[in-house]
Amino acid sequence: MSSLLKFAPLFLAVAVCHGWLFGDFGAQPNELDKISLWPLPQKFQSSAVSFKLSPFSFQIVHAKESTAGTSCSLLQNAFRRYFEYMFGDVKKQEKSHKKALFSDIEELRVQITSADPECDGFPSIKTNESYELTVDQPSALLKAPNVWGALRGLETFSQLLYEDHYGVSNINKTVISDFPRFAHRGVLLDSSRHYLPLKVILANLEAMAMNKFNVFHWHIVDDPSFPYISRTFPELSQKGAYHPFTHVYSPADVKMVIEFARMRGIRVIPEFDTPGHTQSWGNGQKDLLTPCYSGSTPSGTFGPVNPILNSTYEFMAQFFKEISTVFPDAYIHLGGDEVDFSCWKSNPDIQKFMKQQGFGTDYSKLESFYIQRLLDIVTATKKGYMVWQEVFDNGVKLKADTQIQVWKARPQYQDEMARVTAAGFSVLLSAPWYLNRINYGQDWVNTYKADPQNFTGTDSQKKLVIGGEACLWGEYVDATNLTPRLWPRASAVAERLWSDASVTDLGNAYNRLSQHRCRMVKRGIAAEPLFTGHCRHEYKG
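Cut-offs and rules
Residues numbered from 1 in each chain as written. Predicted model: local features only at pLDDT ≥ 70, side-chain atom pairs only at ≥ 80, totals over all residues. Heavy atoms only, no water. 1 Å grid on protein atoms, 1.4 Å probe; cavity = no way out; pocket = protein on both sides within 12 Å on 5 of 7 lines; lining within 4 Å. Points joined across faces, edges and corners; volume = space filled by probe spheres on them. Nonpolar A, V, L, I, M, F, W, Y, C, P; charged D, E, K, R; others polar. Helix = DSSP H or I, 4+ residues; strand = E, 2+ residues; numbered from the N terminus. Buried < 20%, exposed > 50% of the residue type's maximum accessible area, 1.4 Å probe, protein only. Phe/Tyr/Trp six-rings, centres within 6.5 Å; stacked < 30°, edge-to-face > 60°.

Peer 1: Just give me the short version of empty space enclosed by the protein, but keep the residues and values in it.
Peer 2: Taken as a whole, this structure holds five cavities of 30 Å³ or more when the rule is applied. There is about 60 Å³ of room inside the largest cavity. If you trace the largest cavity, you find it lined by Phe 122, Pro 123, Ile 258, Ile 266, Arg 267, Val 268, Pro 328 and Asp 329. The residue makeup of the lining of the largest cavity, split by class, is six nonpolar, no polar and two charged.

Peer 1: Now, about the layout of surface pockets: what can you tell me, with residues and values included?
Peer 2: The computed volume of the second largest pocket comes to approximately 320 Å³. Lining the second largest pocket are 15 residues; nearest its centre among them are Gly 441, Gln 442, Glu 528, Pro 529 and Leu 530. Looking at the lining of the second largest pocket residue by residue, the classes come out as eight nonpolar, three polar and four charged.

Peer 1: Describe the environment of Asn 454, listing the residues and the values that go with them.
Peer 2: Its place among the elements puts Asn 454 in the loop between helix 16 (444-449) and helix 17 (459-463). Asn 454 gets classed as partly exposed once you look at its relative accessible area, which sits at 48%. Separated by 36 residues in the primary sequence, Asn 454 and Ala 418 have C-alpha atoms spaced 9.5 Å apart.

Peer 1: Which residues make up the packing of aromatic side chains, and what values go with them?
Peer 2: In the structure shown here, the tally under the stated rule is 32 aromatic pairs. On the numbers, 5.4 Å between centres and 75° between planes, the contact of Tyr 228 with Phe 272 is edge-to-face. Of the two residues, Tyr 228 is situated in the loop between strand 10 (215-219) and helix 7 (235-240) and Phe 272 in the loop between strand 11 (267-271) and helix 9 (279-284); the sequence distance between them amounts to 44 residues. Of the residues examined, Phe 272 reaches a relative accessible area of 0% and is grouped as buried. Measuring from centroid to centroid gives 5.3 Å for Phe 353 and Phe 369, while their planes differ by 65°, and the two rings are edge-to-face. With Phe 353 in helix 12 (residues 348-357) and Phe 369 in helix 13 (residues 363-380), this residue pair connects regions lying 16 residues apart in the sequence. The class of Phe 353 is buried, set by a relative accessible area of 11%. Ring pairing ties together the aromatic residues Phe 226, Tyr 228, Phe 233, Phe 272, Trp 281, Phe 315, Phe 319, Phe 320 and Phe 327, which thus form one cluster.

Right, dumping it as structure tokens:
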């Protein structure tokens, strides 16, 4: 049984008699705060019986049976973070605290059950994020195989809290068994078209954890700027960034992003897109880009990476050797999209090379030639790779574990999903989730309706769908508007990728998402409103 929601009619009579709610969120406004979980758990059973929680007597602790103890800094930090989320607004609750000096539930015990709690490791595509949560007297119990599942369970527990009319924190008797539907649930941010300050990236990693996303796809460089400071090739950022000192990410900055994400169970996958989208690379690396010609003379402009020079591959080998040591994830995104062939076509040296290789006038073969050599370089660093769909479409020979990202909405992204999976490759979907595209009104609805497995294919093909990503490209986005444009619209993607496929009720989703948006705002995330209304915490007592 993957979700109790679809069996709600069967349980209605029992629920009425025993005071239990089986994912049935009803229409009573005063119930919304109690059960506005986002994303919705796989199995959720909540009773009308409620318990009071006080910051003066409630605590989050390691269970005695847990394989992770107080030396697990990841969990210790998470305990403090979630306690602050639940009880941090002390001044606002000062009067109510006097009325609730004691808790009906004294503690949340967190038990890690596997021999390896993974406290010092990094999450991966194979990470088990499942957890079980029981809320009852005298203590609540959160059980998970490892720290990553515990992080997801802590977020759920924090969402179960609500304030009564006196401002006292309450939580209902609840049993939850939960796990994600898809292993890869990502958000792409673009830090090239506009530089994103470190604090903005960190704040959105925090928001990602609130929505149970687990991959930060960092599209770190592109045509406009090269903000990544390379130890091996420092001139790439010195000459390619908007500013060599203020609009760059130092090695310490990158390390901070990776560790901040790790503490929240989030992988950081960097994207260094080539051979296109590389104009900023050419500023700091001589002869890397292809000289374009106007007739028989150079035009003074440059196109994609020059694929016919040995120096190109020598550079790429050194560069990606560095990247493989800086970013610990098993995968690097290599791009491969939107290569403009016009400059290659104009260059006489490229034309000569095409004839020598027997490529004729098919420049997609030249692109494939370059990509294939690049893939061999990255493979030598013992990293796996992700690519945009054009690499697959152009017939590049790919390793079996290559992950293909589908982004083109036309003619039909479902057809592309079917082709990629029929070829046996893992695939993730982004086509319906380009959140830089905005419309007036509640555009989260169409985002919510898109399902990665909604294509014609066999069950084995559907299993090759590893998840998807919400993408926020940066042409019109910088630090001033990124967060409200991304949230809570990305939350719709988060639930589609976490919850059971049967969770599709838009009315129910709207009620929960409205409350979740208020929850994010209360936690400091400037998420935009879904429609008219208000958040309870906006009123000062």
